[in-house]
Amino acid sequence: MQKKTKYILRACVGVAAVAAITGGLLYSQYATQRASLLDIHDEAAMTAYLTEISDQENVQILATEEAGGFCGLVFSGEVPGDDDSHKTTSIILEEAAAPFAGLYYPADRNLGMDSDIDGCYETFPDRKVTVCMVYGQQPPEDAAWYTFERDGTWIAQPMEQDEFLDLFLLYGTEQRAKGSLSGMLLNEDGEEIGLF
């Protein structure tokens, strides 16, 4: 009877040791993965990350917008060595799956913005979606709408007169692509008054 008890105790200790080692490895992987993701609501951490990937100084987050598991983010900074050079840049981030929901994958690149109103897009073939982002600051006073086309779909959106950031998801895309969006500015009567 004592031998049987010893075997059972040894087996329990062995199972506990294996469980502890496996749990430690899983937690280590969880912590490593979590550390490599971004929390867009942590402004200090995001600013440090954006400074690193953009090689800009005095980075300031201008706007963020979340929709359907994606985040559009626009920031500006100063180009080192050039006192008058400010650069506005945008990135699109994809939200991580559970158990990391609420955290976003780091961007492997960023897209420059050339004017007061500009747009960019990126496709995510695994989710069959194109994410389009339009950002503006100080649009013309008579601009009431903007419109653009991507993947055969036309989008028209009322324009705010101060700073804005809009995110649109277009489903059905399977080809990897990214780039700039261009579109038209319209007045209240729907007449074209400019391009972006």
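Residues numbered from 1 in each chain as written. Predicted model: local features only at pLDDT ≥ 70, side-chain atom pairs only at ≥ 80, totals over all residues. Heavy atoms only, no water.

A. Summary view of the pattern of salt bridges. Under the criterion given, the structure shown has three salt bridges. One salt bridge in this structure joins arginine 127 and glutamate 94, with 3.3 Å as the shortest N-O distance. Here glutamate 94 lies in strand S3 (residues 86-94) and arginine 127 lies in the loop between strand S5 (117-124) and strand S6 (129-136), a separation of 33 residues in the sequence. The salt bridge involving glutamate 122 is made with arginine 176; its shortest N-O contact spans 3.2 Å. (Salt bridge = Lys/Arg side-chain N within 4 Å of Asp/Glu carboxyl O. Helix = DSSP H or I, 4+ residues; strand = E, 2+ residues; numbered from the N terminus.)

B. Region of the structure containing the environment of isoleucine 53. In this fold, isoleucine 53 is placed in helix H2 (residues 43-54). For the pair isoleucine 53 and aspartate 108, spaced 55 residues apart in sequence, the C-alpha separation works out to 8.6 Å.

C. Examining the sheet that holds strand S10 (residues 178-181) more closely. Pairing in this open sheet of four strands is antiparallel, and the strands run S9-S6-S5-S10 from one edge to the other. Single-partner strands in this sheet number two, and they are strand S9 (164-171) and S10. If you compare each strand with its neighbour and ignore which way they point, the axes differ by 20° on average. (Pairing = 2+ DSSP bridges. Axes fitted to C-alpha atoms, helices over the stretch in contact; angles between N-to-C directions.)

D. The environment of threonine 153, seen in detail. Checked against the element boundaries, threonine 153 lands in strand S8 (residues 153-158). For the pair threonine 153 and leucine 170, spaced 17 residues apart in sequence, the C-alpha separation works out to 7.9 Å. Apart from residues no more than four positions distant in its own chain, threonine 153 is found in contact with Phe148 and Leu170. (Contact = heavy atoms within 4.5 Å.)

E. Local environment of the pairing of S5. The buried count for S5 comes to eight of eight residues, which makes it a mostly enclosed element. Covered by surrounding structure in S5 are Ile117, Gly119, Tyr121 and Thr123 together with Asp118, Cys120, Glu122 and Phe124, the residues of both alternating faces. The antiparallel hairpin formed by S5 and S6 contains four residues in its connecting segment, where lysine 128 sits at a positive phi of about 50°. Strand direction decides the pairing type here: S5 and S10, joined by four bridges, are antiparallel. Bridged to tyrosine 121 within S10 is glycine 179. (Buried < 20%, exposed > 50% of the residue type's maximum accessible area, 1.4 Å probe, protein only.)

F. View of the sheet that holds S3. Pairing within the open sheet is antiparallel, and its four strands lie in the order S1-S2-S3-S4. With one partner strand each, in any of the chains shown, strand S1 (57-67) and strand S4 (111-113) form the two edges of the open sheet. Strand-to-strand, the axes of this sheet are offset by a mean angle of 25°, without reference to chain direction. As paired elements, S3 and S4 share three bridges and run antiparallel to each other. Each residue of the ladder has a partner; that of threonine 89, found in S4, is glycine 112. Contacts from H2 reach S1, strand S2 (70-78) and S3, with the element oriented near 115° to S1.

G. The arrangement of the side chain of glutamate 94 in detail. Overall, the relative accessible area of 15% leaves glutamate 94 in the buried class. Reaching out from glutamate 94, the side chain makes a polar contact with the side chain of arginine 127 at a distance of 3.3 Å. Among all residues touching glutamate 94, those that are not within four sequence positions of it are Gly69, Phe70, Leu103, Tyr104, Tyr105, Phe124, Asp126 and Arg127. (Polar contact = N/O pair within 3.5 Å; in protein donor to acceptor, adjacent residues only side chain to side chain.)

H. Layout of the pairing of S8. Here strand S7 (residues 145-150) runs beside S8; their pairing, made up of six bridges, is antiparallel. Each residue of the ladder has a partner; that of tyrosine 146, found in S8, is glutamine 157. Linking two consecutive strands that pair antiparallel, namely S7 and S8, is a turn of two residues; a positive phi of about 55° is found at aspartate 151 within it.

I. Fine view of the confidence of the model for the protein chain. Scored by pLDDT, the protein chain comes out at a mean of 84, with 81% of its residues at no less than 70. Considering only residues more than four positions removed or in separate chains, one finds that residues 15-33, a stretch of pLDDT under 50, has four contacts. (pLDDT = per-residue confidence, 0-100.)

J. Geometry of H2. With 12 residues, H2 extends 16 Å between its outermost C-alpha atoms, agreeing within 8% with the 16 Å of an ideal straight helix rising 1.5 Å per residue. Listing the buried residues of H2 in full gives Met46, Thr47, Tyr49, Leu50 and Ser54. The buried residues of H2 occupy one face: seen down the axis, they fall within an arc of 165°. Facing away from the buried side of H2, by more than 90 degrees, are the exposed residues Ala44 and Glu52. Those residues of H2 hidden inside the fold are in contact with S1, S2 and S3. Among the residues trailing H2, aspartate 55 stands out with phi positive, at a value near 55°. (Expected span 1.5 Å × (residues − 1). Arc of directions from axis to C-beta.)

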